[in-house]
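# Inside the fold
Now for the letters of each chain:
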Amino acid sequence: MAILSTPRSAVQLASKGTPVREHVFRTALIASLVVALVFMVALLSYVFVEGWPRLDSRLWENMPSVRNPDIAGAQSAITGTLWVISLTGLFTLPTGIAAAIYLEEYADKTRWYNRVIELNIQNLAGIPSIVYGILGLGIIARTLGLGFSVITASLTLGLLVLPIVIIASREAIRAVPPSIREGSLALGATQWQTISRQVLPASIPGIATGSILALSRAIGEAAPLLMLGAVSFIRFNPDGIFASYTVLPIQIFNWISQSREGFHVLAAAAIVVLLVILLLMNSVAIWLRNRYQKRW
Amino acid sequence: MPGTPQSLARSRPRYGEQVIKAVLMVAALLSVATTVGIVVSLLEPTISFFGEISAVEFFTSTEWGPLFEPPHYGVLPLVSATLITTGIAIVVAVPLGLGAAIYLSEYAKPKVRKFFKPMLEVLAGIPTVVFGFFALTFVTPLLRSIMPFEIEIFNALCAGLVVGFMIIPIVASLSEDAMAAVPNGLREGSYALGASKMTTSLRVVLPAAFSGIVAAVILAISRGVGETMIVFIAGGGQPNFSVDIGKAMQTMAAFIAQAGSGDVPVGTTEYNTIFAVGSLLFVMTFAMNFVSVRLVRRFREVYE
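By the naming in an unreviewed UniProt entry, chain B is Phosphate transport system permease protein, taken from Nonomuraea muscovyensis. Listed in UniProt under the heading Function (unreviewed entry), the comment for chain B reads: "Part of the binding-protein-dependent transport system for phosphate; probably responsible for the translocation of the substrate across the membrane." As recorded by UniProt, the Sequence similarities (unreviewed entry) comment attached to chain B reads in full: "Belongs to the binding-protein-dependent transport system permease family. CysTW subfamily."

Per an unreviewed UniProt entry, the recorded name for chain A is Phosphate transport system permease protein PstA, and the organism is Nonomuraea muscovyensis. One UniProt comment on chain A, placed under Sequence similarities (unreviewed entry), says "Belongs to the binding-protein-dependent transport system permease family. CysTW subfamily." Here is the UniProt Subcellular location (unreviewed entry) comment for chain A, exactly as written: "Cell membrane".

Structure follows, in structure tokens:
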């Protein structure tokens, strides 16, 4: 029985003298994985090769131009992305982590309202991002009167990735074993003391990983911002939270929509910049997870 | 019995703790407020839209052109385009995603799985505007040179294909989770009866993980229905009630993006149209997410 319980020996036992269809099936399975990965590699290398001629300092030193692809850059889009994403983080991370703490540590799961909150968060995670654009347009830009500004974009993206932050933070908090909490409570600590001094420090790596992944989703998001005024060519850097703005994905979309070839090269170059930013963020997330992962 | 000397409960309430709990709860309630906000922002303009345009025309007319003169308000071309592109995407994503999932869960050694699963997740992290660029400048020219039928520069086929590749990680990752949750005892029982690896995967593991897999596919469909940038960039902005996948089409999400990024005057019927289509999109995806979340839950309870 001990031999059978490991999958590897199971493979060996099962594949002894196997008919052709077994091999065909296995090959088909590997092929489907390979096709997906080949598509990804093709996408990445195509973008890189296409954008290579324009991957130079013009990209971040110059402002966008509608007329001349040779002198056009993406400076306002890069600074706009930094503005929008830092505000998004500032808004969504404390809120998301607070909500996760409530749901994991305080909420009585037999109460209907807590179950509604939970189900609601799962459903929110699947709502199309363009619908969040409608929310931003209707509520944040018009009803709250914040207009087409950096703050509207940040709040909209913040709400968009909030479910991701909450779900990731909940998992990190849940991974802290109950014995830690019981030990702290037994020593007379209050519930909040237990959470803030024991549970949160222990779950920070997991929360940080999830937060970075959520923010990298927000950085690449374009659809809702199309509806929030980030469309025209912006030739200045934002100077405050109520300023007009553009972000990298929108700038890329703008260049794709131009018919001239030079703008497509520019779009590819800007995509490489965007992908490098995302890759860096992902590596930090993976590094954090590996560096601080605790075994209890 | 609070307050009695024998009670272990605190005799003096800690107000600080109560305040903290309330603040945390407000944060959690913000997510409910988001849903309410979405419904409210959709509802009011949608109601005034149907005050002017009859629901019968909206749901049965096959001509869509709210910005034309005279305007037409039949949503069917948008719905059919959405279903066609999503259909193509599912034809791509389900076999490939499921194949990859079975391989990773049943065949791959742990080391191989540890390497390839995050690789697939990289695909999920690529911004959709990048997929759109790749679709328009690489996939479409490729399709035009190899396909035997006429393909326009903007077409539903390319948009659907690329959306399909975008949602492969959703299908693969969630199905793999579902299959990994199937207890080993079932596999061992199957092998003990002399079943092969393929039979075990297809007849034992797959049915056992079925509700999880269905949930993954529904979630992928919902993602495909709501996907905006790829279909906007590669599918074109032309409402087209047709099944010719070589032609340009406009999906619901692409219409919202197009009309929402233009200068439509607030309060007009054209403006309200954005919200009417948005409501339809919201209702469709919300229903699918709801079913998917429920299925995942039910399937989780079976083996815990």
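Having seen the structure, we can now continue with the description.
## With respect to the overall build of chain B
Each helix and strand counted, chain B has twelve helices and two strands in total. Taken from the N to the C terminus, the helices and strands of chain B come in the order α-α-β-β-α-α-α-α-α-α-α-α-α-α. The C-alpha radius of gyration of chain B comes to 25 Å, more than 25% above the 19 Å expected for a compact globule of 304 residues. Counting only C-alpha atoms and orienting by the principal axes, one finds that chain B spans roughly 80 × 65 × 35 Å. Taking as baseline every contact in chain B between residues at least 6 positions apart, the subset at least 24 positions apart corresponds to 71%. Total accessible area on chain B stands at roughly 13500 Å², and carbon and sulfur atoms take up 66% of it.

## A word on the domain arrangement of chain B
All names here are of chain B. The domains assigned to chain B are domain 1 (15-52) and domain 2 (75-299). Inter-centroid distance (C-alpha atoms) of domain 1 to domain 2 is 29 Å. Listed by partner, the interface residues are nine residues for domain 1 and eight residues for domain 2. Interface area for domain 1 against domain 2, summed over the two sides, is near 810 Å², with a carbon-plus-sulfur share of 72%. Scanning the region where domain 1 abuts domain 2 turns up zero salt bridges. At the boundary of domain 1 and domain 2, one finds four residue pairs in polar contact (both at pLDDT 80 or more). For the side of domain 1 that touches domain 2, the per-class residue count stands at five nonpolar, three polar and one charged.

## As for the environment of Ile252 of chain A
With respect to the element layout, Ile252 of chain A can be found in helix α11 (residues 248-257). With 21 residues separating them in the primary sequence, Ile252 of chain A and Val273 of chain A have C-alpha atoms 11 Å apart. Once residues lying within four places of it in the same chain are set aside, the contact partners of Ile252 of chain A are Ala267, Ala270, Ile271 and Leu274 of chain A together with Val129 of chain B.

## Here we look at the UniProt feature "transmembrane region" (unreviewed entry) in chain A
The sites that UniProt annotates as "transmembrane region" (unreviewed entry) are residues 28-49, 82-103, 124-141, 147-168, 240-257 and 263-288 of chain A. With 100% helix and 0% strand, the stretch residues 28-49 of chain A has end C-alpha atoms that lie 31 Å from each other.

## Here's the deal with the pattern of salt bridges
If the charged atoms of two oppositely charged side chains come close together, the side chains can form a pair. Residues and elements named next belong to chain B. By the definition in use, this model includes eleven salt bridges over all chains. When the shortest N-O distance is used, the salt bridge between Glu176 and Lys117 registers 2.9 Å. With Glu176 in helix α6 (residues 156-180) and Lys117 in helix α4 (residues 110-125), this residue pair connects regions lying 59 residues apart in the sequence. For the residue pair Glu176 and Lys117, the accessibility class agrees, reading buried in each case.

## Topic: the UniProt feature "transmembrane region" (unreviewed entry) in chain B
Those residues carrying the UniProt feature "transmembrane region" (unreviewed entry) are residues 20-43, 78-104, 124-147, 153-174, 204-222 and 274-296 of chain B in this numbering. The span residues 78-104 of chain B shows a helical share of 100% and a strand share of 0%, and its end C-alpha atoms are spaced 37 Å apart.

## Quick notes on the interface of chain B and chain A
Counting residues at the interface gives 82 residues for chain B, matched by 78 residues for chain A. Here chain B and chain A share an interface that buries about 7300 Å² over both sides, 79% of which is from carbon and sulfur atoms. The largest per-residue losses of area from chain B upon contact with chain A belong to Leu24, Phe133 and Phe134 of chain B, which jointly make up 9% of the total buried on that side. Our count for the contact surface shared by chain B and chain A stands at zero salt bridges.

## Overview of helix α7 (residues 184-192) of chain B
Residues and elements named next belong to chain B. Residues Arg187, Glu188, Ser190 and Tyr191 constitute the buried set of α7. The buried side chains of α7 occupy one side of the element, clustering within an arc of 160° when seen end-on. Once α7 ends, the next one or two residues include Gly194, with phi positive near 90°.

## Thoughts on helix α8 (residues 197-208) of chain B
Residues and elements named next belong to chain B. In this model, α8 (twelve residues) spans 15 Å end to end at C-alpha, consistent with the 16 Å of a helix rising 1.5 Å per residue. Residues Lys197, Met198, Thr200, Ser201, Val205, Leu206 and Ala208 constitute the buried set of α8. Looking straight down α8, one finds its buried side chains confined to an arc of 150°; they lie on one side.

## Let's talk about the UniProt feature "domain: ABC transmembrane type-1" (unreviewed entry) in chain B
The feature "domain: ABC transmembrane type-1" (unreviewed entry), as annotated in UniProt, sits at residues 79-292 of chain B in this numbering. Here residues 79-292 of chain B runs as 79% helix and 0% strand, with 21 Å between its end C-alpha atoms.

Cut-offs and rules
- Here, residues in each chain are numbered from 1, in the same order as that chain's written sequence.
- Numbering of ligands from 1 and lettering of chains from A proceed in the order in which they are written.
- Predicted model: local features are reported for residues with pLDDT of at least 70 only, side-chain atom pairs are reported and counted for 80 or more only, and whole-chain, interface and lining totals are derived from all residues.
- Water and hydrogen atoms were dropped before computing side-chain values, which therefore reflect all heavy atoms in the structure.
- UniProt positions are given in the numbering used here, feature names are shortened, and annotations may be inferred rather than shown by experiment.
- Strands are runs of DSSP state E lasting at least 2 residues, helices are runs of H or I lasting at least 4, and numbering of each runs from the N terminus.
- We compute the radius of gyration over the C-alpha atoms and compare it with the globule rule, which gives 2.2 Å times the number of residues raised to the power 0.38.
- Throughout, a residue-residue contact means that at least one pair of heavy atoms, one from each residue, lies within 4.5 Å.
- The Shrake-Rupley method, run with a 1.4 Å probe, gives the accessible areas here. Residue values count only the displayed protein chains as cover.
- Domains are outlined according to an automatic or database domain assignment.
- Joining two parts hides part of their accessible area as seen by a 1.4 Å probe, and the buried area is that hidden amount summed over both.
- In the sections that follow, a salt bridge refers to a side-chain nitrogen of Lys or Arg positioned within 4 Å of a carboxyl oxygen of Asp or Glu.
- Any N or O atom pair separated by 3.5 Å or less is treated as a polar contact, with the protein-specific requirement of one donor-capable and one acceptor-capable atom, and with residues adjacent in sequence counted only for side-chain atom pairs.
- As a working rule, the residues Ala, Val, Leu, Ile, Met, Phe, Trp, Tyr, Cys and Pro are called nonpolar, Asp, Glu, Lys and Arg charged, and the rest polar, with Gly in that last group.
- Burial classes: relative accessible area under 20% of the type maximum marks a residue as buried, over 50% as exposed, and values in between as partly exposed (1.4 Å probe, protein chains only).
- Here, the arc refers to the directions that run from the helix axis to the C-beta atoms.
- To estimate how far a helix should extend, the number of its residues minus one is multiplied by 1.5 Å.

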